[in-house]
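The residues making up each chain are set out below.
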2 protein chains.
Amino acid sequence: SVVDKGVDFAQYFCTYAFLYHQKEMLSDRVRMDSYFNAIFQNKHHFHEKTVLDVGTGSGILAIWSAQAGARKVYAVEATKMAEHARALVIANNLQDVVEVIEGSIEDVTLPEKVDVIISEWMGYFLLRESMFDSVICARDRWLKPTGVMYPSHARMWIAPIRSGLGDQKMSDYRSAMDEWYGFVDETKTYYGVDMSVLTKPFSEEQRKYYLQTSMWNNLHPHQVIGTAAVVKDIDCLTATVDDILEVRGSVSSSITLENTRLCGFGGWFDVHFRGSKDDPAQQQIELTTAPSINDSTHWGQQGFPFHPPVRVTEGDNLNISFSMNRSKENHRLMEIEFGCEITQCSGNMVPCFRNKFFIE
Amino acid sequence: SVVDKGVDFAQYFCTYAFLYHQKEMLSDRVRMDSYFNAIFQNKHHFHEKTVLDVGTGSGILAIWSAQAGARKVYAVEATKMAEHARALVIANNLQDVVEVIEGSIEDVTLPEKVDVIISEWMGYFLLRESMFDSVICARDRWLKPTGVMYPSHARMWIAPIRSGLGDQKMSDYRSAMDEWYGFVDETKTYYGVDMSVLTKPFSEEQRKYYLQTSMWNNLHPHQVIGTAAVVKDIDCLTATVDDILEVRGSVSSSITLENTRLCGFGGWFDVHFRGSKDDPAQQQIELTTAPSINDSTHWGQQGFPFHPPVRVTEGDNLNISFSMNRSKENHRLMEIEFGCEITQCSGNMVPCFRNKFFIE
Ligand SMILES: Nc1ncnc2c1ncn2[C@@H]1O[C@H](CSCC[C@H](N)C(=O)O)[C@@H](O)[C@H]1O
Ligand SMILES: Nc1ncnc2c1ncn2[C@@H]1O[C@H](CSCC[C@H](N)C(=O)O)[C@@H](O)[C@H]1O
C-alpha cells in the first residue's frame with residue numbers, strides 16, 4: 001500500500017479514542033438492538049464458545065457475548081479505549097471471561113482459534129473506513145473452519161431520491177465563486193498581484209467540495225422516489241479484500257412516484273446475522289440503515305445530489321451504472337462514479353448523465 | 001522528538017494544501033497590509049537582495065519581495081500549493097526572480113545564503129503550530145550574518161477579560177453530564193450493562209473539551225477589563241528553539257473598569273518589522289492581533305475562561321502566573337497553565353485560582 005501505516009493509524013483512530021464518540025454509537029438504538037438481539041436470540045452460537053470482538057471500543061459486544069454464555073472472549077481494540085473497556089469488563093464482573101487486548105488486530109496473537117468473530121465494522125455507506133479489511137484479516141487468521149461471523153452478510157443499496165440539497169449546494173458553490181471574483185479584483189487593486197490564474201484550480205477545489213462530495217443525510221422515506229437496488233452483496237465468511245476493493249455494477253430502478261424530480265441518489269447498507277450454512281441462526285436479525293421515520297441510525301444515508309434535477313414520473317426506468325474505488329490518497333475514503341440513463345414510459349431515452357463523488 | 005515526522009506532516013499540512021484556506025489568509029486585510037507595507041516601505045531591504053520565503057503558500061510574500069526589487073527569491077512550500085505558487089509567479093511575470101521549491105524547509109538546499117528571510121509563520125496565540133521552529137532552522141542555515149528577519153520581533157500578550165463564554169461552556173458541560181447519566185440508566189435498563197464506571201473518565205473528557213480548551217474569540221476592546229501584559233518577547237534574529245519550547249513567567253495587571261466580572265484571560269500576539277540593529281527598517285511596521293473594532297484578524301484572540309467569574313473593580317491588582325508548554329502528543333499544540341491572585345485596593349488578597357488549558 002502507498003499509505004504509510006503510522007500516518008493512517010494516527011489519522012484514523014483519533015476519534016475512536018473518545019468516550020464521546022463511543023457513546024454516540026452506544027446511543028444508536030437501532031444498532032444496539034440489532035446486535036443485542038442477534039446475540040441473545042442466538043445464544044447457542046455463544047454458549048461455551050470462544051469469541052473474538054474485532055475493534056471492541058467500549059467493550060459492549062464482548063460483554064454481551066460473555067453474558068450470553070461465552071467461555072472466553074478476546075476483545076481487541078487499537079486505541080486507548082481498551083483501558084476503558086477493561087474497566088467496564090471488571091465493573092460488570094466479567095474479567096474471567098473477557099480479555100481486553102490493546103493493539104491493532106493485524107498485530108495481535110491469540111492463544112487459540114475462535115468459534116465466533118463479532119465486529120461492528122461498518123462505516124458510512126458500509127465500506128468507508130475500510131475496517132472490514134481488518135475483520136477479513138482476523139477471520140483468515142483466527143476463525144475456526146466451523147466458525148461463524150457476526151454479522152454474516154452485508155449489502156449496499158442505492159435508490160433515486162428527491163432533495164433540495166443539490167440546489168442548495170449549487171447555490172453555495174456559486175456564492176463561493178462570486179466571492180472569489182471579488183477577491184481577485186481586490187488583490188489586484190490593493191496589492192498589485194493578479195490572482196486570476198488561480199480561478200480554475202480554485203473553482204475545481206470548490207466544485208469538489210460543494211458538488212462532488214457526498215453528504216450525510218437522514219432521508220425521509222418519501223424522498224425515495226423509485227425502487228432501491230443492491231449494488232453489492234457480501235458474504236462475510238468468504239469475502240476477500242480483493243472482492244471489496246472495488247464495487248462496480250449496473251442496476252435498474254423504476255420511478256414509483258408521479259411527476260417528480262430526480263435530484264440524485266441515496267446510498268445505504270444493511271447487515272444480517274444469519275450464522276453460517278452449517279450452523280444457522282435460530283433467529284435471523286437484520287440491521288438496516290435505510291431511510292426510516294422512526295428507526296434512523298447514526299449512519300444515516302449518503303446523499304449523491306446531481307444538478308440540475310431531472311423531471312421523471314412513475315414508470316420511468318433508470319439504468320444506473322455505479323463504481324466505487326478507494327481514494328488513492330487515503331485508502332479509507334472512497335470515490336464513486338454514477339452514470340444514469342432514463343428510459344421514459346414513452347420509450348424516449350433521456351441523455352445520460354455522469355457524476356463523480358467523494359465520500360470524505 | 002517522540003513525534004513521527006510522517007504523521008506530523010500528514011496531519012499538519014493538510015489544510016494548507018487548499019486554496020480556500022490560503023484565500024482566508026490572503027483576505028485578512030490587517031495581515032496583508034502589514035506585510036505589504038513592511039516590504040514596500042522598506043524597499044532598501046529588498047532591492048537587489050536575495051530573499052527566502054519560508055512557507056510561501058500561494059507565493060504572495062515572494063511575489064511582493066520580487067516586486068520590491070529583489071534579485072532572487074527562493075520560495076519554499078511543503079505542500080502541493082507550491083504548484084499554484086509557481087503558476088502565480090509566472091502569471092505575474094516574475095519567473096526570472098522567484099524560484100518556487102516544493103519541499104519542507106528542513107530538507108531543502110539553496111545555492112546561496114540570503115539577505116532576508118521573510119515568513120508568515122504565526123499560529124493562534126503566536127506559537128501554535130510551532131512553525132517558528134522551521135524559520136529558526138532556515139535562519140541558522142541560510143541567513144547571511146548581515147541578514148534581516150521579516151518580521152524581526154514577536155510578542156505574546158495576555159489581559160483579563162469579561163465574557164459570557166465561561167458560563168456558556170459550564171452550562172454545556174452540565175448538559176453533557178446530564179445526558180450521560182440518562183445514557184447510563186438506559187444502557188443498564190435496556191442492555192443489561194452497567195456503564196457507571198465510565199462516568200469519571202467521561203466527565204474528565206468533557207471537562208477537558210468544554211472547560212479546558214481555549215477558544216477562538218473576536219474580543220471587543222470593551223471586554224478587556226485590565227492592562228495587558230507581555231508574557232513573551234522574541235527576537236527573531238537570535239531566538240533558539242529552546243527559547244520558545246516553554247513560555248513561563250509572572251506578570252501583573254491592574255483592573256481598569258469599575259465593578260466588573262473577571263471571567264478569564266484573553267491571549268494574542270503582535271509582530272514587528274524593524275529590520276536589524278545594523279540595518280534598521282526605514283519604516284517600522286507592526287502587525288497586531290489585539291482586540292479591535294475595525295482591525296480584527298483571522299487569528300482573533302484565544303479565550304481562556306474561568307468559572308465562576310470573580311468580582312473585581314478598578315484598581316484591583318492581578319498577579320498572574322503563566323506557563324505554556326507543547327503538548328506531549330502533538331508538539332504543534334500547546335498546554336497552558338494560568339494562576340491568578342487578586343490584591344484588592346483594600347489590601348485584601350482573594351484566594352488564587354489555577355486553571356489548565358489546551359490550545360487545539
Ligand atoms: N485494525 C483494528 N484493530 C483494532 N481495533 C480496530 C481496528 N480498526 C478499527 N478498530 C476499532 O474498532 C472500533 C469500531 S467502532 C465499534 C466499537 C464497539 N465494537 C461497538 O460496537 O460499540 C473502534 O473503537 C476502532 O478503534
Ligand atoms: N517546514 C515547512 N516547510 C515548508 N513549508 C512550510 C513549513 N511549515 C509550514 N509551511 C507552509 O507555510 C505556510 C504558512 S501560511 C503562510 C502562507 C503565505 N506565506 C502567506 O503569507 O500567505 C503554509 O502554506 C504551510 O504549508
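Criteria and thresholds
- The numbers attached to residues start from 1 for each chain and follow its sequence in the written order.
- Following the order in which they are written, the chains are lettered starting with A and the ligands numbered starting with 1.
- Local features in this predicted model are restricted to residues of pLDDT 70 or higher, and side-chain atom pairs are both shown and tallied only at a pLDDT of 80 or more, whereas totals for entire chains, interfaces and linings draw on every residue.
- Calculated side-chain values reflect all of the structure's heavy atoms, with hydrogen atoms and water omitted.
- Per the convention used, a helix needs a DSSP run of H or I reaching at least four residues, while a strand needs a run of E reaching at least two, with both numbered from the N terminus.
- Burial classification: accessible surface area is computed with a 1.4 Å probe over protein chains only, and a residue below 20% of its type maximum counts as buried, one above 50% as exposed, and the rest as partly exposed.
- For this analysis, residues touch if any pair of their heavy atoms sits within 4.5 Å.
- Note that accessible areas follow from Shrake-Rupley with a 1.4 Å probe, and for residues the cover is restricted to the protein chains shown.
- In this count, Lys and Arg are taken as positive residues and Asp and Glu as negative ones, while His and the chain termini are left out.
- Charged side chains are reduced to one point each, which is NZ for Lys, CZ for Arg, CG for Asp and CD for Glu.
- To obtain each axis, a line is fitted to C-alpha atoms, and for helices this fit is confined to the stretch in contact; angles are then taken between N-to-C directions over 0 to 180 degrees.
- Working definition: roughly parallel below 35 degrees, roughly antiparallel above 145 degrees, roughly perpendicular at 65 to 115 degrees, and oblique for all remaining angles.
- Here is the rule for handedness: rotate from the far helix to the near one, and if that takes an anticlockwise turn smaller than a right angle the crossing is left-handed, while a clockwise turn gives right-handed.
- For this classification, Asp, Glu, Lys and Arg are treated as charged, while Ala, Val, Leu, Ile, Met, Phe, Trp, Tyr, Cys and Pro are nonpolar and the rest, including Gly, are polar.
- Buried area is calculated as the accessible area (1.4 Å probe) missing from two parts once they are joined, with the contributions of both summed.
- Should a side-chain nitrogen of Lys or Arg be within 4 Å of a carboxyl oxygen of Asp or Glu, the pair is scored as a salt bridge.
- Two N or O atoms form a polar contact when they lie within 3.5 Å of each other; inside protein one atom must be a possible hydrogen donor and the other a possible acceptor, and for residues adjacent in sequence the pair counts only when both atoms belong to side chains.
- To superpose the copies, least squares is applied to the C-alpha atoms of every residue with a pLDDT of at least 70 in both.
- Side-chain atoms within 4.5 Å link the members of a nonpolar core, which is a set of buried Ala, Val, Leu, Ile, Met, Phe, Trp, Tyr and Cys residues.
- Two strands pair under a simple rule: DSSP has to find at least two bridges between them.

S.K.: Looking at this structure, I do not really get the overall build of chain A. What am I missing?
M.R.: From N to C terminus, chain A includes nine helices and 15 strands. Considered along the principal axes of its C-alpha atoms, chain A spans approximately 70 × 60 × 35 Å. Across the 360 residues of chain A, 56% fall into the buried class. Of the contacts formed within chain A by residues at least 6 apart in sequence, a portion of 75% connects residues at least 24 apart. Taken as a whole, chain A presents about 15,400 Å² of accessible surface, with 49% of it coming from carbon and sulfur. In chain A, 34 positive and 47 negative side-chain charges are present, and the distance between their average locations comes to 2 Å.

S.K.: It is not clear to me how the packing of helix α3 (residues 29-40) of chain A against helix α4 (residues 60-67) of chain A should be interpreted in this structure. Could you clarify?
M.R.: What describes two packed helices is the angle between their axes and the distance between those same axes. Residue and element names in this part refer to chain A. One way to put it is that α3 packs onto α4 with a least axis distance of 9 Å and a crossing angle of 30 degrees. With respect to each other, α3 and α4 are oriented roughly parallel. Here the hand of the crossing between α3 and α4 comes out right-handed. For the pair α3 and α4, contact is made by R31, M32, Y35, F36, I39 and F40 and by I60, L61, W64, S65 and Q67, respectively. Taken together, the residues of the contact of α3 with α4 sort by class into eight nonpolar, two polar and one charged.

S.K.: Is there a simple way to explain the interface of chain A and chain B in this structure?
M.R.: Where the parts come together, the accessible area they lose is often given as the size of the interface. Between chain A and chain B, the residue contacts involve 40 residues of the former and 40 residues of the latter. Here chain A meets chain B over a buried area of about 3,600 Å², counting both sides, of which 67% is carbon and sulfur. The largest share of the area that chain A buries against chain B comes from L19, K23 and Y191 of chain A, three residues that together contribute 20% of it. Here chain A is connected to chain B by four salt bridges. E186 of chain A serves as the salt-bridge partner of R29 of chain B, at 2.9 Å between the closest nitrogen and oxygen. Counting every contact that joins chain A to chain B gives 18 residue pairs in polar contact (both at pLDDT 80 or more). Counting only elements with at least two residues in the side of chain A that touches chain B, the list comes to α1 (5-13), α2 (19-26), α3, α4, α5 (81-91), α7 (165-191) and α8 (199-211) of chain A. Among the elements that take part in the side of chain A that touches chain B, α7 of chain A stands out by supplying six residues, more than any other.

S.K.: Explanation requested: the environment of K328 of chain B in the structure shown.
M.R.: All names here are of chain B. Checked against the element boundaries, K328 lands in the loop between β13 (317-326) and β14 (334-343). The exposure class of K328 is exposed, given its relative accessible area of 70%. When the C-alpha positions of K328 and I225 are compared, they lie 33 Å apart, and in sequence the two are 103 residues distant.

S.K.: How should I be thinking about the relation of the copies chain A and chain B in this particular structure?
M.R.: Superposing the two chain copies requires a rotation about an axis and a translation along that axis. The transform that puts chain A on chain B rotates by 180 degrees and translates by 0.0 Å along the axis, for an RMSD of 0.0 Å. Such values leave the two copies arranged in the relation of a two-fold axis. Judged by C-alpha distance, V7 of chain A is the residue of chain A that lies nearest the rotation axis, at 2.2 Å. Take the interface residues of chain A: 100% of them recur as interface residues in chain B, which is what a same-surface contact looks like.

S.K.: Teacher, can you tell me more about the nonpolar core here?
M.R.: The nonpolar side chains of a soluble globular protein tend to be buried, and buried together. If you look at the biggest cluster of nonpolar residues, it comprises 111 residues, and the most contacted ones within it are L52, W64, W121, L126, L127, F322 and F338 of chain A. A total of eight residues in this core trace back to one element, the largest contributor, which is helix α7 (residues 165-191) of chain B. In contact with L52 of chain A, other than residues within four places in its own chain, are Y74, V76, I105, L110, V114, V116, I117, I118, A138 and W142 of chain A. Core analysis: the next-biggest nonpolar cluster, separate from the first, contains 110 residues, V135, I225, F269 and W299 of chain B among them.

S.K.: Explain the packing of α7 of chain A against helix α3 (residues 29-40) of chain B to me, please; I cannot follow it from the model alone.
M.R.: Two numbers describe how α7 of chain A lies on α3 of chain B: the axes approach to 12 Å, and their chain directions differ by 30 degrees. With respect to α3 of chain B, the element α7 of chain A is oriented roughly parallel. Helix-helix and strand crossings are classified by hand; for α7 of chain A and α3 of chain B the assignment is right-handed. Judged by residue contacts, E186, Y190 and Y191 of chain A of α7 of chain A engage R29, M32, D33 and F36 of chain B from α3 of chain B.

S.K.: Mind showing me how you'd approach helix α1 (residues 5-13) of chain B here?
M.R.: Residue pairs three or four apart in sequence face the same way in an α-helix, which turns once every 3.6 residues. When we look at burial in α1 of chain B, the residues that qualify are V7, D8, Y12 and F13 of chain B. Tucked inside the fold, the buried residues of α1 of chain B contact α1 of chain A.

S.K.: Got a minute to help me understand the sheet that holds strand β3 (residues 98-102) of chain A in this structure?
M.R.: Hydrogen bonds between backbone groups are what pair the strands of a sheet, and the pairing can be parallel or antiparallel. All names here are of chain A. Strand order in the open sheet formed by five strands is β3-β2-β1-β4-β5, with parallel pairing between adjacent strands. Since the sheet does not close on itself, it has two edges, and those belong to β3 and β5 (143-150), each with one partner. Shown here is a sheet whose adjacent strand axes are inclined to one another by a mean of 20 degrees, direction ignored. Strand direction decides the pairing type here: strand β2 (residues 72-77) and β3, joined by five bridges, are parallel. What sits directly across from V73, in β3, is V98. Here α4 sits on the sheet in contact with β1 (50-54), β2, β3 and β4 (114-119), set at roughly 180 degrees to β2. Relative to β5, helix α6 (residues 132-142) is tilted by about 150 degrees, and along the sheet it contacts β1, β4 and β5.

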